[in-house]
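# Structural features, examined
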Amino acid sequence: MLKSLEGSWCLVLGASSGIGRAIALGLAREGVHVAGVHFDTAARTEEVAALVDEIRGLGVEARFFNVNAAARATRAELVPLLVESTGATGGIRILVHSLAFGTLVPFLPREGWDKPISSRQLEMTLDVMAHSLLHWTQDLVGAGLLRSGSKVYAMTSAGTSQHLPSYGAVSAAKSALESHVRQLACELAPSGIAVNALRAGTTVTPALRRIPEHAGYVERAAENNPHGRLTRPDDVAEAVALLSRTDSSWLTGNTIGVDGAELHAAAGAWG
């Protein structure tokens, strides 16, 4: 049975831009209070402040923290604050992992890249974009903040099965992320907590623009999508809101495409 999300809390990791930002705003429009973790320079201070004001203008609470979401110290600091804010009102109803920070160095030297990827760069990418989902989930469960009916979403991509010259480390991280989702889904099933990966279609975000080959990739994706357009952040935000309106944990352990059938469309067939 579908239910209202009003008055519940979400925690969005990567809340200040791109898909994370859209999800934070979309859930706020549903009456969900927003805790957001982001990692931005001083140059974006006013932009993030405007986002917080916009969320609060929708009549909900917003608590944003400009810290490294992948750091153990961050979890140690923020989880008690989240207990204070949300513990008496049902804990964290929705956890969204939308961290997009990793290396784009190729595995082997090639033109424009004298050095291949290092162990440190690879480990950092997997820690931020994959393993941090596990660690946040562990700590939130340990604090009693993820409860029966809670939903956990991790943002993945078609890069788990497609190649881009500079995407190797991120592809590995997204593959690990999907594996973590499956394992967590099974371990949390007895607690009534659903865990799924959302595979957004090609979406023009700051993270995408950092990929050296993004221009050609975006052009091909727009041509191939049978809807005749790219995925928008709001498409993903609507999916999160819809999937969260139930206490059931039966839909769990999946990688759910939110891409307008982009992945399945033959190249050029829908032009």
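Definitions and limits used
- In this numbering scheme, every chain counts its residues from 1 along its sequence in written order.
- Local features are withheld for residues below a pLDDT of 70 in this predicted model, meaning they are given only at 70 or higher, and side-chain atom pairs are given and counted only at 80 or more; totals for whole chains, interfaces and linings count all residues.
- Side-chain calculation: all heavy atoms of the structure are included, whereas hydrogens and water are not.
- A run of H or I in DSSP counts as a helix once it spans at least four residues, and a run of E counts as a strand once it spans at least two, with each numbered from the N terminus.
- Working definition: with a 1.4 Å probe on protein chains only, accessible area under 20% of the residue-type maximum means buried, over 50% means exposed, and in between means partly exposed.
- Think of a polar contact as two N or O atoms within 3.5 Å of one another; within protein, one of them needs to be a possible hydrogen donor and the other a possible acceptor, and neighboring residues in sequence only count if both atoms come from side chains.
- For helices, the fitted axis covers only the stretch in contact; all axes are lines through C-alpha atoms, and the angles between them, taken along N-to-C directions, range from 0 to 180 degrees.
- Angle categories: roughly parallel below 35 degrees, roughly antiparallel above 145, roughly perpendicular from 65 to 115, and oblique for all the rest.
- For any pair of crossing helices, the crossing counts as left-handed if the nearer helix is rotated counterclockwise from the farther one by less than a right angle, and right-handed if it is rotated clockwise.
- Whether two residues are in contact is decided by their heavy atoms, any of which lying within 4.5 Å being enough.
- Put simply, Ala, Val, Leu, Ile, Met, Phe, Trp, Tyr, Cys and Pro go in the nonpolar bin, Asp, Glu, Lys and Arg in the charged bin, and everything else, Gly too, in the polar bin.
- The term salt bridge refers to a side-chain nitrogen of Lys or Arg lying within 4 Å of a carboxyl oxygen of Asp or Glu.
- Between any two strands, at least two bridges found by DSSP are needed for them to pair.

## Brief notes about the side chain of Ser132
In this structure, Ser132 sits in helix α4 (residues 119-142). A residue is classified by how much of its surface remains accessible, and Ser132, at 0% relative accessible area, is buried. A distance of 2.8 Å separates a polar atom in the side chain of Ser132 from a polar atom in the side chain of His97.

## Focus: the packing of helix α1 (residues 18-29) against helix α2 (residues 45-56)
α2 packs onto α1 with a crossing angle of 20 degrees between their chain directions and a minimal axis gap of 9 Å. When the axis of α1 is compared with that of α2, the two are roughly parallel. Considering only the axes of α1 and α2, their crossing is right-handed. Here Arg21, Ala24, Leu25, Ala28 and Arg29 of α1 lie close against α2, whose contacting residues are Leu51, Glu54 and Ile55. Of the residues belonging to the contact of α1 with α2, the class tally is 5 nonpolar, no polar and 3 charged.

## Topic: the pattern of salt bridges
All told, the structure shown has 9 salt bridges when counted by the stated rule. Between Glu54 and Arg21 there is a salt bridge; the shortest N-O distance is 3.8 Å. Within this pair, whereas Glu54 is found in helix α2, its partner Arg21 is found in helix α1, the two being separated by 33 residues in sequence. The exposure class assigned to Arg21 is partly exposed, which follows from its relative accessible area of 29%. Here the salt bridges share partners, and the residues they tie into one network are Lys3, Arg93 and Asp247.

## Regarding the sheet that holds strand β1 (residues 9-13)
Here we have 7 strands laid out as an open sheet, ordered β3-β2-β1-β4-β5-β6-β7, and parallel in their pairing. For this open sheet the edge positions go to β3 (62-66) and β7 (255-258), each flanked by a neighbour on one side alone. Looking at each pair of strands side by side, their axes are set apart by 20 degrees on average, direction ignored. The pairing of strand β5 (residues 151-156) with strand β6 (residues 194-200) spans 6 bridges and is parallel. When the bridges of β6 are listed, Ala154 appears paired with Ala197. Sheet strands in contact with α2 are β2 (33-38) and β3, and its direction is about 160 degrees off that of β3.

Any functional reading would require information that these geometric values do not contain.
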